[in-house]
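# Structure at a glance
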Amino acid sequence: MDHIDHELIIEKVASIQEKLHESDFTDEITNRRNKIIQSSVSTSSSKKNPVRLEFYGINYSIPKKKRSNNSSDRESWWNEFTNLFSRKNKQSDVEVGKIDNEKNIPIIQNIHGYANPGEILAIMGPSGCGKTTLLNILGNRVGKQGVSGTINLNGHRLIKETKRFVAYCTQSDIFFPQLTVRETLSFTARLRLPREMSRGEKLKQAESTIQLLNLSKCADTKIGDNRVRGVSGGEKKRVSIACELLTDPSVILLDEPTSGLDSSLALELGNILKGFAKKQHKTIVMVIHQPSSQVFELFDNLLLMADGHVVYFGKRADLVDYLTTQGYKCHPNFNPADYILELLNDPTSKQKLIQAYMRQLESDITGEKTVHKDSNPIRDISSIIPSDENDDIIHSGPLKVKHRWEATFLQQLVILTERSFKQRSKVILSKLDLMQTFSLAFFCCLVWFQLPYNENAISDRYGSIFFTCVFWSFHPMMSTITSFPLDMEVLKKERQSRSYRLLSYFLSKQSAELLLGILHPIFYVTIVYWVSGLIPDAGSFFAYLGSIIISSLIAQSFGYLFGAAFLNVQQALIIATVFMLTSMLLGGFYIQSLPAGLSWMKYLSFTYYGYSLLMHIQFTSPLARFKCNTVGQASSYLECLDADNVNDKYISGNSVIKLLGLDTLKWFENLMAMFGFLIVIRVVAYFCLRRNSRKTK
Ligand SMILES: Nc1ncnc2c1ncn2[C@@H]1O[C@H](COP(=O)(O)OP(=O)(O)OP(=O)(O)O)[C@@H](O)[C@H]1O
């Protein structure tokens, strides 16, 4: 038989599950499910709190349409867009505990096992067999849709709060490339270590973790990425593990920790983890692809998988004997890890091993021991059914569950602002950006140099105001549009380990980038205002500067909004450009009276309020008097008034405002509208980020 009989397997699993449901175990599991864990505040270390991880009957399915989803980017873009405005998150078709195999594709089926404190459990199997999926479920990172089964920590259900005891180290190393190893670990320590520890103690713990993972040599090197040269791949992997070990978790889940490392580095890392498990009584579960024989020797237990099924769960040392009983003899000179992968890549031996395991499982459950227990290295299924009574390791102490964040809201805000500032300092204090501001100011000074107070220069004056308003209403948008999309991977990783609140992250981003929205307009306005000869009094200058700063902050808000709504820089830029041009069109400069029925649209444009406010500041001042060209002959639209000196005639600024149709709103109303934009857009941006960060979890 050269293919796997999936129907037979599914039938077997179904019959085993049926038997399980008939058995007394079901009641016990249900009781567990309903158990409410007593909350208490604790700073206990995992050394005092060794945790046994048990998982039983784990299934995971995905809706068929998800697998066959080959929609184009354009379609998914459109879906993203429409989802933004739809009321509820679209739920997957699969519900917890109810998996309809007609509509769903099983990814993993009926997986069970356990991992003890002080031991390493390795999950192995061919590519695509479901190892990472299982690890994600054990780490509670898949969500509820499509998942069924029981996961217990010391007999208690894995819930949001107990997740703190479980550290998860992802396969890809996700960091801010601009931070050094020491900075990365220090910020993690400050965010994730208990608030009872002083800042000094937290930093000390970060230092000792650096030493534990032999990272001292590269502690002050930037993490780096494709563009910034940083630490090596092996060092990055160790930083990734260090960030998780820092918090002293009881259970450590690692997804392919040795991928990308050479055999000696892999062995070094394996030894570190083994020592850590033994000395600190940690429970370590790792997905590993093809370990060398020396690394393989470090494992205590093995869970072998193929096509989403268990093929073997038991002691690593018993694997070779088990394979021999199944008719597959591993040559003594062979690495058993290589041999088993060879077997599982062959369809015939794979199916035989899956079926052998099923038979074993069935006989364990029904109590019909077809194989003598002593010669059966597969552990009795009953030992992994959650129980309160046996085993003093399991119940060495109740899990002390914390319901709070380690750092207070204010501490999170300060730490994240500091980190954001460090991480974005190149953008915030970018020399290129400064050059852009100064060179633009220089050219504006050239074009609008000392504008005279006469009728001819009126349009130059409001041209200069419009240009300034438009530039500062959009330029800051471009610098904040990347903020959230670029951080998303790190945010997702850190939020999954419950490092901080989303609100503190959101606010920290804004406080770190506040300078960007304030400093540059100050430089620009201070130069251009006086050189181009706008109203020469301090009050008007500061009002003008203040208005530009508000426009710049509103533009930043829109940048955050588009970034948070799309989480994709390219899409956000397209929308921002369309938005920018539309706002300019409606802003009241190109057309003074919009076509009938569309005139209300100008109130949607924040540039309209910014422009109107600046015009009020400049043209309603008592100093805004523009000399008529020829005595008594102003343009046909403006009326020349008598000046104090009877030979002079002037045009008042108020009449310019009136002529441009900007007299409908007073300066105060414009200002209020701008504050409204500033607050509302940021609130909407926060909710978009909240919604999208949940979706990507
Ligand atoms: N949410 C999902 N949507 C679609 N397919 C999924 C999803 N989750 C898992 N799969 C599929 O399930 C299978 C198992 O995936 P998983 O990543 O767990 O494999 P793996 O054993 O870790 O593989 P590798 O060793 O190559 O990393 C794969 O075929 C994968 O494409």
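The written sequence of each chain sets the order in which its residues are numbered from 1. Side-chain atom pairs in this predicted model are given and counted only at pLDDT of 80 or more, local residue features only at pLDDT of at least 70, and totals for whole chains, interfaces and linings cover all residues. With hydrogens and water set aside, each side-chain value is computed from the structure's full complement of heavy atoms.

As recorded in an unreviewed UniProt entry, the chain goes by ABC transporter domain-containing protein and comes from Diversispora epigaea. UniProt positions are given in the numbering used here, feature names are shortened, and annotations may be inferred rather than shown by experiment. For the record of the chain, the UniProt heading Subcellular location (unreviewed entry) holds the text "Membrane".

## Here's the deal with the side chain of Glu 256
Starting at the N terminus, helices and strands are each numbered in turn, a helix being any DSSP run of H or I of at least four residues and a strand any DSSP run of E of at least two. Mapped onto the elements of the fold, Glu 256 is located in the loop between β7 (251-255) and α9 (263-280). Burial classification: accessible surface area is computed with a 1.4 Å probe over protein chains only, and a residue below 20% of its type maximum counts as buried, one above 50% as exposed, and the rest as partly exposed. Charged-residue counts in this description rest on Lys and Arg as positive and Asp and Glu as negative, His and the chain ends being excluded. The term salt bridge refers to a side-chain nitrogen of Lys or Arg lying within 4 Å of a carboxyl oxygen of Asp or Glu. At 5.0 Å, Lys 131 is the nearest oppositely charged side chain to Glu 256, a buried residue that forms no salt bridge.

## Here's the deal with the site of the ligand
Within the structure, the ligand sits among 15 residues, and Ser 127, Gly 128, Lys 131, Thr 132 and Thr 133 are positioned closest to it. A distance of 2.9 Å is found between an oxygen atom of the ligand and a backbone nitrogen or oxygen belonging to Gly 128. Definition of a polar contact: a pair of N or O atoms within 3.5 Å, with one able to donate and the other able to accept a hydrogen when the atoms are protein atoms, and with sequence-neighbouring residues admitted only if both atoms are side-chain atoms. At 3.0 Å, a backbone N or O of Gly 130 approaches an oxygen atom of the ligand. Against a free-state accessible area of 630 Å², the protein chains account for coverage of 67% of the ligand. Of all the secondary structure elements, the ones that give two or more residues to the shell around the ligand are β1 (53-63), α3 (64-67) and α5 (131-138). Sort the elements by how many residues they give to the shell around the ligand and α5 lands first, with three residues. Three residue categories are used. Nonpolar comprises Ala, Val, Leu, Ile, Met, Phe, Trp, Tyr, Cys and Pro, charged comprises Asp, Glu, Lys and Arg, and polar comprises the others, including Gly. Across the shell around the ligand, the residue classes tally to five nonpolar, six polar and four charged. One heavy atom within 4 Å of a molecule or strand makes the whole residue count as near it. Computed with a 1.4 Å probe, the accessible areas rest on the Shrake-Rupley method; for each residue, only the protein chains presented here act as cover.

## So, the sheet that holds strand β10 (residues 309-315)
The pairing of strands in a sheet comes from backbone hydrogen bonds and takes either a parallel or an antiparallel form. The strand order across the open sheet built from six strands is β6-β7-β8-β3-β9-β10, with neighbouring strands paired in mixed fashion. On the outer flanks of this sheet lie β6 (166-169) and β10, each paired with one strand and no other. Adjacent strand axes in the sheet meet at a mean angle of 15° when their direction is disregarded. Taken together, the six bridges between strand β9 (residues 301-306) and β10 define a ladder with antiparallel strand orientation. Directly across from Leu 304, in β10, lies its bridge partner Tyr 312. Contacts: residue pairs with any heavy atoms within 4.5 Å of one another. Convention adopted: a line fitted to C-alpha atoms gives each axis, helices being fitted over their contacting stretch, and angles between N-to-C directions are expressed from 0 to 180 degrees. Helix-sheet contacts for helix α12 (residues 336-345) involve β3 (120-124), β9 and β10, and the interaxial angle to β9 is about 25°. Whether two strands pair comes down to DSSP finding at least two bridges between them.

## Regarding the packing of aromatic side chains
When two rings of Phe, Tyr or Trp (its six-membered ring) have centres within 6.5 Å they constitute a pair, described as stacked for plane angles under 30 degrees, edge-to-face for angles over 60, and tilted for the intermediate range. Inspection of the entire model under this criterion finds 37 aromatic pairs. Taking the centre distance of 6.3 Å and the plane angle of 20° together, the rings of Tyr 500 and Tyr 505 count as stacked. Neither residue differs from the other here; Tyr 500 and Tyr 505 are each classed as buried. With a centroid separation of 6.3 Å and 10° between ring planes, the pair formed by Phe 579 and Phe 606 is classed as stacked. Remark: Phe 606 occurs in helix α22 (residues 606-619) and Phe 579 occurs in helix α21 (residues 569-586); sequence separation between them is 27 residues. Judged by relative accessible area, Phe 606 falls into the buried class, the value being 1%. An aromatic cluster of three or more residues is present, and its members are Phe 474, Phe 558, Phe 562, Phe 579, Tyr 603, Phe 606, Tyr 608, Tyr 609 and Phe 677. Charge over a ring is defined by NZ of Lys or CZ of Arg lying within 6 Å of the ring centre and within 35 degrees of the ring normal. Seen from the ring of Tyr 114, Arg 52 lies directly overhead, with NZ or CZ sitting 4.2 Å from the centre. One residue, Arg 461, lies across the ring of Tyr 453, its end atom 4.0 Å from the ring centre.

## Some details on the confidence of the model for the chain
Any residue range with low pLDDT should be treated as having predicted coordinates unsuitable for detailed reading. For the chain, per-residue confidence averages 79 on the pLDDT scale, and 76% of positions sit at 70 or higher. Note: pLDDT gives the predictor's confidence per residue, expressed from 0 to 100. The model gives residues 369-401 a pLDDT under 50, and that stretch makes 92 contacts with residues more than four places away or in other chains.

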